[in-house]
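Residue-level structure breakdown
Here are the chains, one letter per residue:
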Amino acid sequence: MDVLREKGLAPLRVILAFSVLSTGFHYWHMVARPRAYPSIPGLDETVGQVGVGVAWVVFTVVAVLGYRAYLQERYRRALVLLLVYSLSGLVTAGHFLIGFPDLPRVWLIPLVGDTVAAVALWAFVSWAWAALNRVRVSTQH
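Residues numbered from 1 in each chain as written. Predicted model: local features only at pLDDT ≥ 70, side-chain atom pairs only at ≥ 80, totals over all residues. Heavy atoms only, no water.

1. Some details on the layout of surface pockets
- Its boundaries defined by the atoms lining it, the largest pocket holds a volume of some 530 Å³.
- Together, 22 residues line the largest pocket, and Met30, Pro38, Ile40, Gly48 and Val52 are the ones closest to its centre.
- Listing elements by their share of the lining of the largest pocket, those giving two or more residues are helix H1 (2-32), helix H2 (45-71) and helix H4 (94-98).
- When residues of the lining of the largest pocket are assigned to their parent elements, the largest contribution, seven residues, is made by H2.
- Class assignment of the residues belonging to the lining of the largest pocket gives a composition of 12 nonpolar, eight polar and two charged. (1 Å grid on protein atoms, 1.4 Å probe; cavity = no way out; pocket = protein on both sides within 12 Å on 5 of 7 lines; lining within 4 Å. Points joined across faces, edges and corners; volume = space filled by probe spheres on them. Helix = DSSP H or I, 4+ residues; strand = E, 2+ residues; numbered from the N terminus. Nonpolar A, V, L, I, M, F, W, Y, C, P; charged D, E, K, R; others polar.)

Set out below in structure tokens:
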């Protein structure tokens, strides 16, 4: 399990820091300028703004819980929480399923950043899960 702590902690910190900043900018912008983003038909704008704000807080709390579990070496719990948190970046692609956001190009950076962070987190979790299973298998022999 030392490999998860020794090799995994620094990349996890970088990925989470990048993701929280990227999603923070993106979600904030969605609350501040909701009309720049495609809307869900029938969803009141204010309800959407509140939902987006609450979603960012909930996702970020899940990230913190996942990170804390990782520090406590409760790796299975941590990895599940981190996968749940990664949805905060993956749902960003949903904008493009409804329509293309009417944004200056600079505001596309957090949208791309969210997706990159989510994929990086999935790669990290895959690596960590494989490392965790290797340790389990090697201790069973």
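2. Here's the deal with the pattern of salt bridges
- Summed over the entire model, instances satisfying the criterion amount to two salt bridges.
- One salt bridge connects Arg35 with Glu45, and the closest N-O pair in it is separated by 2.9 Å. Here Glu45 lies in helix H2 and Arg35 lies in the loop between H1 and H2, a separation of 10 residues in the sequence.
- Relative accessible area serves as the criterion here: at 70%, Arg35 is assigned to the exposed category.
- Classification of Glu45 by relative accessible area gives partly exposed; the value is 32%. (Salt bridge = Lys/Arg side-chain N within 4 Å of Asp/Glu carboxyl O. Buried < 20%, exposed > 50% of the residue type's maximum accessible area, 1.4 Å probe, protein only.)

3. Focus on a nonpolar patch on the surface
- On the surface, Val80, Val84, Leu87, Leu90, Val91, Val119, Trp122 and Trp129 cluster together into a nonpolar patch covering about 650 Å² of accessible area.
- Contributions of two or more residues to the nonpolar patch are made by helix H3 (75-90) and helix H5 (108-140).
- For Leu87, the position within the fold is in helix H3. (Patch = residues over 30% accessible without salt bridge, like charges linked within 9 Å, V, L, I, M, F, W, Y side chains within 5 Å. Areas by Shrake-Rupley, 256 points an atom, 1.4 Å probe, with all protein chains shown as cover.)

4. Some remarks on H3
- Taking 1.5 Å of rise per residue, the 16 residues of H3 would be expected to cover 22 Å, and the 22 Å separating its terminal C-alpha atoms lies within 8% of that figure.
- Among the residues of H3, Tyr75, Ala78, Leu79, Leu81, Leu82, Tyr85, Ser86, Ser88 and Gly89 are the ones counted as buried. One side of H3 holds all its buried residues, which, seen down the axis, span an arc of 165°. (Expected span 1.5 Å × (residues − 1). Arc of directions from axis to C-beta.)

5. Some remarks on the side chain of Asp114
- Here Asp114 is to be found in helix H5.
- In this structure Asp114 is buried but unpaired, with Arg33 as the nearest side chain of opposite charge at 16 Å.
- Look past the residues within four positions of Asp114 in its chain and what remains in contact with it is Ser22, Thr23, His26, Tyr27, Gly89 and Thr92. (Lys, Arg positive; Asp, Glu negative; His and termini not counted. Contact = heavy atoms within 4.5 Å.)

6. A few points about the packing of H1 against H3
- Between H1 and H3, the least distance of the axes is 11 Å, while the angle of their chain directions is 25°. The angle between H1 and H3 falls in the class roughly parallel. At the point where H1 passes H3, the crossing takes the left-handed sense. Counted together, Leu4, Arg5, Leu12, Leu16, Ser19, Val20, Thr23 and Tyr27 of H1 and Tyr75, Leu82, Tyr85 and Ser88 of H3 form the full contact between these two elements.
- Taken together, the residues of the contact of H1 with H3 sort by class into eight nonpolar, three polar and one charged. (Axes fitted to C-alpha atoms, helices over the stretch in contact; angles between N-to-C directions. Parallel < 35°, antiparallel > 145°, perpendicular 65-115°, else oblique. Left-handed = near helix turned anticlockwise from the far one by under 90°.)

The values are spatial; any link to function lies outside them.
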